[in-house]
Amino acid sequence: MKNLKLKSARAAKDLSQEDLAKICGVSRQTISAIEKGDYNPTINLCIAICKALDKTLDELFWEE
Amino acid sequence: MLAITRMGSVAIGILVGLVLAVILLKAANQNHKMKTEYDERQKIIRGKAYQIAWYVMVIYEVLMMVLHIGEISLPVSEYVLHFGGVLVSAIVLAVYCIWKDVYWGLNSNRRRYSIIFLATGLLNAIPVYFSAKEGTLFANGETGPQLVNLMVLIMLVVLGITLIAKDAADRNAGREG
């Protein structure tokens, strides 16, 4: 399932996938795979992404 | 004085080539670290790639064993057959990694890698060219040691084509896909 919340939070911060990837220490393709729902990140990476986007885990990764 | 036979020099050549390739490729990393760094997703997919490559090598070696038991001889030296197995599994590993976006590490410098690829291709193409010109690549149903260079050249071409095809596929799908 696509993670549209992550995509919109990134866009709101005016960050490209490349920018977010650099902040989190991963490749651009990994951020792309998370947004497309092709990869489930570990909790450590989820936290790194949340910190980079000033969001909580619930806001970005909790499915309703 | 120690006399080095023709095949002895081939063996030394292969070893020196392998050591040089490892040193050069590692030195090509952006932060000059010997170890290429990968993120968590890349490590998982690369693990799968190594698994597939390992199975390919096992199947290849079993096939070679069957040929040997069946006393079916191929017009190439035995070391070339084993080198073929190494190259085939290396190609499988690299192509899988390229297609799954895990070929380049986080600290890989693609430009430096490309230069090394081209230089390696050139170094292997020169002996193949002269061997083909002199007609010693395949002569009297036997193969010359330059066949190893030809095999490395084929591997580089396959990797080059895969990298270009993957880049084109990514561009069509849109970079931020």
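Rules used in this analysis
Residues numbered from 1 in each chain as written. Chains lettered and ligands numbered in written order. Predicted model: local features only at pLDDT ≥ 70, side-chain atom pairs only at ≥ 80, totals over all residues. Helix = DSSP H or I, 4+ residues; strand = E, 2+ residues; numbered from the N terminus. Rg over C-alpha atoms; globule rule 2.2 N^0.38 Å. Buried ≥ 20, exposed ≤ 12 C-beta atoms within 10 Å, placed from the backbone. Contact = placed C-beta atoms within 7 Å. Axes fitted to C-alpha atoms, helices over the stretch in contact; angles between N-to-C directions. Parallel < 35°, antiparallel > 145°, perpendicular 65-115°, else oblique. Nonpolar A, V, L, I, M, F, W, Y, C, P; charged D, E, K, R; others polar. Expected span 1.5 Å × (residues − 1). Arc of directions from axis to C-beta.

A.B. asks: Looking at this model, I keep getting lost on the overall build of chain A. Mind explaining?
C.D. replies: Helices and strands together make up the secondary structure of chain A, namely five helices and zero strands. What you see in chain A, going N to C, is helices and strands ordered as α-α-α-α-α. Taken against the 2.2 N^0.38 rule, which gives 11 Å for 64 residues, the C-alpha radius of gyration of chain A at 10 Å falls within 12% of a compact globule. In terms of its C-alpha atoms, chain A occupies a principal-axis envelope of roughly 30 × 20 × 20 Å. Burial analysis of chain A (64 residues in total) assigns 33% to the buried set. Sequence-distant contacts in chain A: of pairs separated by 6 or more residues, those separated by 24 or more amount to 52%.

A.B. asks: I'm lost on the overall build of chain B in this one. Help?
C.D. replies: Tallying secondary structure elements over chain B gives five helices and two strands in all. Traced from its N-terminal end to its C-terminal end, chain B shows the element sequence α-α-α-α-β-β-α. Seen through its principal axes, chain B has C-alpha atoms that stretch 55 × 40 × 35 Å. Going through the 177 residues of chain B one by one, you find that 14% of them count as buried. Contacts in chain B between residues far apart in sequence, at least 24 positions, make up 78% of those at least 6 positions apart.

A.B. asks: Sorry if this is basic, but what is going on with the packing of helix H2 (residues 17–24) of chain A against helix H3 (residues 28–36) of chain A here?
C.D. replies: Between two packed helices, the angle of one axis relative to the other and the distance separating the axes together describe the packing. All names here are of chain A. In contact at an axis separation of 8 Å, H2 and H3 are set at 110° when each is read in the N-to-C sense. In this view, H2 runs roughly perpendicular relative to H3, as classed from their interaxial angle. Contact residues: Gln-17, Glu-18, Leu-20 and Ala-21 in H2; Arg-28, Thr-30, Ile-31 and Ser-32 in H3.

A.B. asks: Which parts of the structure should I look at to understand the interface of chain A and chain B?
C.D. replies: The accessible area lost on association of the parts is a frequent measure of interface size. Residue-level contacts link 11 residues of chain A with eight residues of chain B. Per-element tally for the side of chain A that touches chain B: the top contributor is H3(A), with four residues. Of the residues in the side of chain A that touches chain B, the class split is four nonpolar, seven polar and no charged.

A.B. asks: Teacher, can you tell me more about helix H3 (residues 78–99) of chain B here?
C.D. replies: Owing to its 3.6 residues per turn, the α-helix aligns residues three or four sequence positions apart on the same side. All names here are of chain B. With 22 residues, H3 should cover 32 Å at 1.5 Å per step; its first-to-last C-alpha distance of 32 Å lies within 8% of that length. When we look at burial in H3, the residues that qualify are Ser-89, Leu-93, Val-95, Tyr-96 and Cys-97. In this fold, the buried residues of H3 make contact with helix H2 (40–69) and helix H5 (147–173). Two residues or fewer past H3, Asp-101 is found with a positive phi of approximately 65°.

A.B. asks: When you look at H2(A) in this model, what are you seeing that I'm missing?
C.D. replies: All names here are of chain A. Within the span of H2, buried status applies to Gln-17, Leu-20, Ala-21 and Cys-24. Viewed along the axis of H2, the buried residues span an arc of 100°, placing them on a single side of the element. Buried residues along H2 sit against helix H1 (4–12), H3 and helix H4 (43–53). One or two steps after H2, the chain reaches Gly-25, where phi turns positive at roughly 75°.

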